[in-house]
Amino acid sequence: MRDKYKYIGPLYDFLSSIYGGESIHDCKRAMLTEENVKAGDKILIAGAGHGKDAIRAAELGADVTVVDLSETMLIKLKQAFEKHPGNLNVNVVHADILTFEEYETYDMVIANFFLNVFYEDFMEKITDHLIKCTKQGGKFVIGDFAYPNGNPISNTIQKGYWYTAALIFYVTSDNAIHEIYNYTELMKSKGLEVSETKHYRYLGMNCYASVMGTKVVASDLSAETKTEQPEEATA
Ligand SMILES: C[S@@+](CC[C@H](N)C(=O)[O-])C[C@H]1O[C@@H](n2cnc3c(N)ncnc32)[C@H](O)[C@@H]1O
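Residues numbered from 1 in each chain as written. Predicted model: local features only at pLDDT ≥ 70, side-chain atom pairs only at ≥ 80, totals over all residues. Heavy atoms only, no water.

Engineer: Explain the overall build of the protein here, please?
Structural biologist: In terms of helices and strands, the protein carries 7 helices and 7 strands. When the helices and strands of the protein are read in sequence order from the N terminus, they spell out α-β-α-β-α-β-β-α-β-α-α-β-β-α. Rg of the C-alpha trace for the protein: 19 Å, near the compact-globule value of 18 Å for 235 residues, within the 12% margin. Referenced to the eigenvectors of the C-alpha coordinate spread, the extents of the protein come out at roughly 75 × 45 × 35 Å. Within the protein, the fraction of its 235 residues that count as buried is 49%. Here the protein displays about 12200 Å² of accessible surface, and carbon together with sulfur accounts for 54% of that area. (Helix = DSSP H or I, 4+ residues; strand = E, 2+ residues; numbered from the N terminus. Rg over C-alpha atoms; globule rule 2.2 N^0.38 Å. Buried < 20%, exposed > 50% of the residue type's maximum accessible area, 1.4 Å probe, protein only. Areas by Shrake-Rupley, 256 points an atom, 1.4 Å probe, with all protein chains shown as cover.)

Next up, the structure:
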């Protein structure tokens, strides 16, 4: 399959730093904290790119698997691992995420700046697949462009900022162009409980957000359903 990141891939993190300063990188690592990740936790990172989040997860002692379709991106990721002073426990898989079928396996699944590369229908299909890979009670994390929730002027500026990046990646990597996705609503629509959101500002704008949802344990769901049943009328 064609490597869409062949030309822009080597410069990806460098361009991110110019475009978003440290805020993009901070957003990718937002939920990788000692509270959220325990040593030995299994973490899947979909479309990992240069792997800044993978490095943080491995530093926390997690058992990390990254999956990416681009060989160019994975070469940069491996170079970053080699430069890292510690021994990182990361399993690198060169594949289309939809062919990676390790269901109900991961304590945390991360999709950072990944879902925005797809048109909505396909983005939903990938989201469903990633939620299937998450264990019951596990976490699903999306770090990406923040949904504009401000006044009309700030929303317009924020959208212009997103469309600038979308256009660059549409031209260079054939990525999708679409409105900014609302990942909080996406998670809720998929039955996840949104437990935490962290925002990252750049140039005075609310540019990026990391949203974490929990995959509700099936037994909790049936308990909820039971309590939602209308009580039988008493005579
Ligand atoms: C916009 S980049 C984001 C990279 C990284 N997550 C980050 O935050 O910097 C999207 C990544 O998703 C990968 N990708 C796109 N489609 C994919 C697919 N179907 N399966 C796996 N990886 C894919 C690309 O190769 C690229 O590395």
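Engineer: Looking at this model, I keep getting lost on the environment of valine 64. Mind explaining?
Structural biologist: Locating valine 64 in the fold gives a position in strand β2 (residues 63-68). Contacts of valine 64, omitting those with residues within four sequence positions, involve Ile43, Ile45, Ala54, Ala57, Ala58, Asn89, Val90 and Asn91. (Contact = heavy atoms within 4.5 Å.)

Engineer: Can you help me understand the site of the ligand in this one?
Structural biologist: Lining the immediate environment of the ligand, one finds 18 residues, of which Lys28, Gly47, Asp68, Ile97 and Asn112 sit closest. Lysine 28 has a polar side-chain atom sitting 2.8 Å from an oxygen atom of the ligand. Aspartate 68 is positioned with one of its side-chain polar atoms (N or O) 2.6 Å from an oxygen atom of the ligand. Classifying every residue of the shell around the ligand gives 11 nonpolar, 4 polar and 3 charged. (Near = heavy atom within 4 Å. Polar contact = N/O pair within 3.5 Å; in protein donor to acceptor, adjacent residues only side chain to side chain. Nonpolar A, V, L, I, M, F, W, Y, C, P; charged D, E, K, R; others polar.)

Engineer: Even after reading the chapter, I still don't get the packing of aromatic side chains, so can you show me in this structure?
Structural biologist: Working definition: an aromatic ring pair is given by the centre-to-centre distance plus the angle between the planes. Applying the stated rule across the entire model yields 16 aromatic pairs. Here phenylalanine 118 and phenylalanine 122 contribute two aromatic rings whose centre-to-centre distance is 5.4 Å and whose plane-to-plane angle is 65°, an arrangement assigned as edge-to-face. The class for phenylalanine 118 is buried, based on a relative accessible area of 16%. On the basis of an interplanar angle of 65° and a centroid distance of 4.9 Å, the ring pair of phenylalanine 145 and tryptophan 162 is categorised as edge-to-face. A residue pair is termed long-range when its members are at least 10 positions apart, and phenylalanine 145 in strand β5 (residues 134-145) and tryptophan 162 in helix α5 (residues 152-173) qualify at 17 residues. (Phe/Tyr/Trp six-rings, centres within 6.5 Å; stacked < 30°, edge-to-face > 60°.)

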